[in-house]
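# Structural description and commentary
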Amino acid sequence: MNLVFVMPGTVAAPRGGILCDFYNRYETVRETLSRIDKAAREMGLPNISARLIEPNETSDQRGPEVQYLEIFAVSIATHHMLVAEGARPVAIVGQSIGELWALAAAGHLSVEDAARLAVARSQVLTRQSWDGKMLAVGVDGRRAESLAGLINHPHLVLACENAPRQSVISGPEALIEHVERVADALGWPSFPLGVPHPTHSPAMAQAARDLRATAPRVPYGAGRWRVCSPWLGRDIGDDDPVDLVAGALTARVRMLHTIRDLHAAGADTFVECGEWPVVTKFVEASVPGVRCVVPLSESDPVEAVRALITESAEGGPFRSRVPVPSGNGHGPAAQVSEPVPAEPTPVLSGAVPLPQADVLVTAAPVSYVAPVAAPVPVAAAAPVPVAAAAPVAVAAPVAVADVPVAAAPVAVADAPVAAAPVATPTSAGLDYETVLAELQTLYGDFLGYPPDLLGEDDGLESELGVESLKQVVLLGRVSDRFDLPGLPSNSSLLAVGTLRRIAETVVEARAEAAGR
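Residue numbers run consecutively from 1 along every chain, following the written order of its sequence. Totals for whole chains, interfaces and linings use every residue, but because this is a predicted model, local features are given only for residues with pLDDT of at least 70 and side-chain atom pairs only at 80 or more, for both listing and counting. The basis for every side-chain value is the complete set of non-hydrogen atoms in the structure, without hydrogens or water.

Bringing the pairing of strand β5 (residues 166-172) into the picture now. Buried means the residue's accessible area, taken with a 1.4 Å probe over protein chains only, is under 20% of the maximum for its type, while exposed means over 50%, and partly exposed covers the values in between. Runs of E in the DSSP output that reach at least two residues are strands. Runs of H or I that reach at least four are helices, and both are numbered from the N terminus. Most of β5 sits inside the fold, with seven of its seven residues counted as buried. In the sheet, strand β3 (residues 132-137) pairs with β5 via six bridges, with the strands oriented antiparallel. Directly across from Leu135, in β5, lies its bridge partner Ile169. Should DSSP find at least two bridges between two strands, the strands are taken to pair. Note: strand β4 (residues 157-163) against β5, five bridges, orientation antiparallel. Residue pairing across strands places Glu161 opposite Ser167, the latter belonging to β5. Hairpin connection of β4 to β5: two residues between the antiparallel strands.

Rendered as structure tokens:
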């Protein structure tokens, strides 16, 4: 088994207490967090590890610098846990600023210097204060680059090639809004990324020069493990870390190509050093069937890693990730293929903004990759009648990159369930069963599933095959239906999305709104 460790870039703030178990178990984790805390104090920042090792700890000083250092702390702590348990990578890969975490993990530079360089990067980007924006588009890099090229502005470029059907465009905010409208007209799913510092554009040239001129030069060396750079397109050798971080600000990140090159060279298992599947979603979409492990998303991260190491030592058979059994009483969940329209249909009128995969989000992490699920027959089940709501068709993948489109101007969000009255958007006292029934109808109508096949504990993506970009649209409709404009920012509903979690969140949010 050939392992690759992958480091996420700027994702959401980690959960409080996420590193508590690692901190208690491993001396290397305690030492590393102490070194990050020391570097943070020297730069006038608050303690970084306290919130990560104490479940109830909070921080009132959560600027982008703290955000970056918390993400770094989670990534490097997970790396040390993996090594302590016997995992040895053939390579380490980082997404965007995650490349800096990879350099520290591999020993190319010290933990303290990586923390200082991360903060220096954040500060030069804040000083430039570029009025830019990044937009994820559910198409391949060639189409995304052509889309940006229609406007022909030097700062509007293809920034990231994450997966076969996930790319990111970076550019001036006004132009990104034009790109978003064109993508909608073409039926391509898209959503803006909530980033404090849009990057990977030629517009960052001044920030790159500023970083090279002001960042402290740090000692660096060959390191213990190989580090592959998705923007350089090669392994990192005798490269100055300051130049690497500065160069990446204006460069395109080709994660898709790096993943495929590593797989072609023999890598068969990718382990994410982060809280949620982010980069590993890119991996699964780029190399279908490859094994991906995200220890911190498991109920027992250490046992998950030990099982992986044991299997590797015993030469066990390769197994791709298998969906867990359904909790809806119908036995194992089946992934259902999307209906393909027999004739042209109108495109979806608008994209719903959600947080990003590569950069900072405001609530909880989210990945933006939509792995293609193989069609599996669905077991027969008695459908629940729904009043005059036509199933929503999905445009053919070649034409519109699997974006969901409306088959007719039917107000799906207002379709009543036959067994219960529909509450108005302003209703406050919603009970769980009513909300769940409405969600089953809304999701079923949109996806073309009988509502009773949508179990409340079924994973929307892992079991039902509802890819991330479709969940973006659906969560926006839930937000509109229940008058909860802040709901789309709660991206944990996508990272580990089930109808139960969404229903409980809606009930709690409506109760809070009623109490104000």
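Turning to the confidence of the model for the protein chain, a few remarks are in order. Within a predicted model, pLDDT stands for the predictor's per-residue confidence, ranging from 0 to 100. Predicted confidence across the protein chain gives a mean pLDDT of 78, with 74% of residues reaching 70 or more. In this analysis, two residues are considered to be in contact whenever any of their non-hydrogen atoms come within 4.5 Å of each other. Here residues 316-428 is a poorly scored stretch, pLDDT under 50, and it has 281 contacts once near neighbours within four places are set aside; other chains count.

In this section: the pairing of strand β9 (residues 269-272). The alternating pattern of β9 places Thr269 and Val271 on one face and Phe270 and Glu272 on the opposite face, and all of these are buried. Two elements, β9 and strand β10 (residues 291-293), share three bridges in a ladder whose sense is parallel. Note that in β10 the partner of Val271 across the bridge is Val293. Looking down the strands as they point away from you, a crossover is right-handed if its path from the first strand over the helix to the second goes clockwise. After leaving β9, the chain enters helix α12 (residues 279-286) and then returns to the sheet as β10, a path that is right-handed.

This next bit is on the packing of aromatic side chains. Each aromatic pair joins two rings of Phe, Tyr and Trp (for Trp, the six-membered one) with centres within 6.5 Å, and gets the label stacked for planes under 30 degrees apart, edge-to-face for over 60, and tilted for any other angle. Following the criterion strictly, the structure yields two aromatic pairs and no others. With centroids separated by 6.3 Å and ring planes inclined at 70°, the aromatic side chains of Phe22 and Tyr26 adopt a geometry described as edge-to-face. A ring pair is formed by Phe72 and Trp101, whose centres lie 4.8 Å apart and whose planes are at 20°; its orientation type is stacked. Taken as a pair, Phe72 in helix α4 (residues 64-84) and Trp101 in helix α5 (residues 98-106) lie far apart in primary sequence, 29 residues in all. The exposure class of Phe72 is buried, given its relative accessible area of 0%. Trp101 sits in the buried class, given a relative accessible area of 1%. Lysine and arginine charges are scored as sitting over a ring when NZ or CZ, respectively, is within 6 Å of the ring centre and within 35 degrees of the ring normal. Directly above the aromatic system of Tyr68 lies the positively charged group of Arg121, at a separation of 5.7 Å from the ring centroid. Stacked on the ring of Phe482, the Lys or Arg Arg481 has its end atom at 5.3 Å from the ring centre.

All right, on to a nonpolar patch on the surface then. Here, patches come from residues exposed beyond 30% relative accessible area and free of salt bridges, joined within 9 Å for like charges and within 5 Å for nonpolar side chains (Val, Leu, Ile, Met, Phe, Trp, Tyr). Surface exposure here means Shrake-Rupley accessible area, sampled with a 1.4 Å probe, where a residue is shielded only by the protein chains that are shown. Salt bridge, as applied in this entry: a Lys or Arg side-chain nitrogen positioned within 4 Å of an Asp or Glu carboxyl oxygen. Taken together, Leu150, Ile151, Val182 and Leu186 make up a surface patch of nonpolar side chains, about 320 Å² in accessible area. Assignment of secondary structure puts Val182 in helix α8 (residues 173-186). Assessed through its relative accessible area of 32%, Val182 is described here as partly exposed.

Turning our eyes to something else, we now look at the sheet that holds strand β2 (residues 89-94). Overall, mixed pairing links the six strands, which are arranged β8-β7-β2-β1-β9-β10 in an open sheet. Looking at the sheet topology across the chains shown, the edges are occupied by β8 (234-235) and β10. Sheet topology places strand β7 (residues 227-229) next to β8; two bridges connect them, and they run antiparallel. Across the sheet, residue Cys228 finds its bridge partner in β8, namely Asp235. Note on definitions: angles span 0 to 180 degrees between N-to-C directions of axes, and those axes are lines fitted to C-alpha atoms, for helices only across the stretch in contact. The sheet contacts of helix α11 (residues 255-264) involve β1 (3-7), β2, β7 and β9, and relative to β2 the element is tilted by about 175°.

For the rest of this paragraph, the subject is the nonpolar core. Nonpolar side chains tend toward joint burial in soluble globular proteins. Among the nonpolar cores identified, the biggest contains 77 residues, and Phe5, Leu19, Phe72, Leu100, Trp101 and Leu211 are the most heavily contacted of them. By residue number, the principal contributor to this core is α4, which donates twelve residues. Residue contacts for Leu211: discarding those within four places in its chain leaves Leu117, Ala120, Arg121, Val124, Val242, Val245, Ala246 and Leu249. Remark: nonpolar core denotes a set of buried residues (Ala, Val, Leu, Ile, Met, Phe, Trp, Tyr, Cys) joined through side-chain atoms within 4.5 Å.

Moving on to unusual backbone geometry. In this structure, Asn152 is a non-glycine residue whose phi angle is positive, near 60°. Structurally, the position occupied by Asn152 is in the loop between α7 (141-149) and β4. For His200, which is not glycine, the phi torsion reads 60° and is therefore positive. Note that His200 resides in the loop between β6 (190-193) and α9 (205-214).

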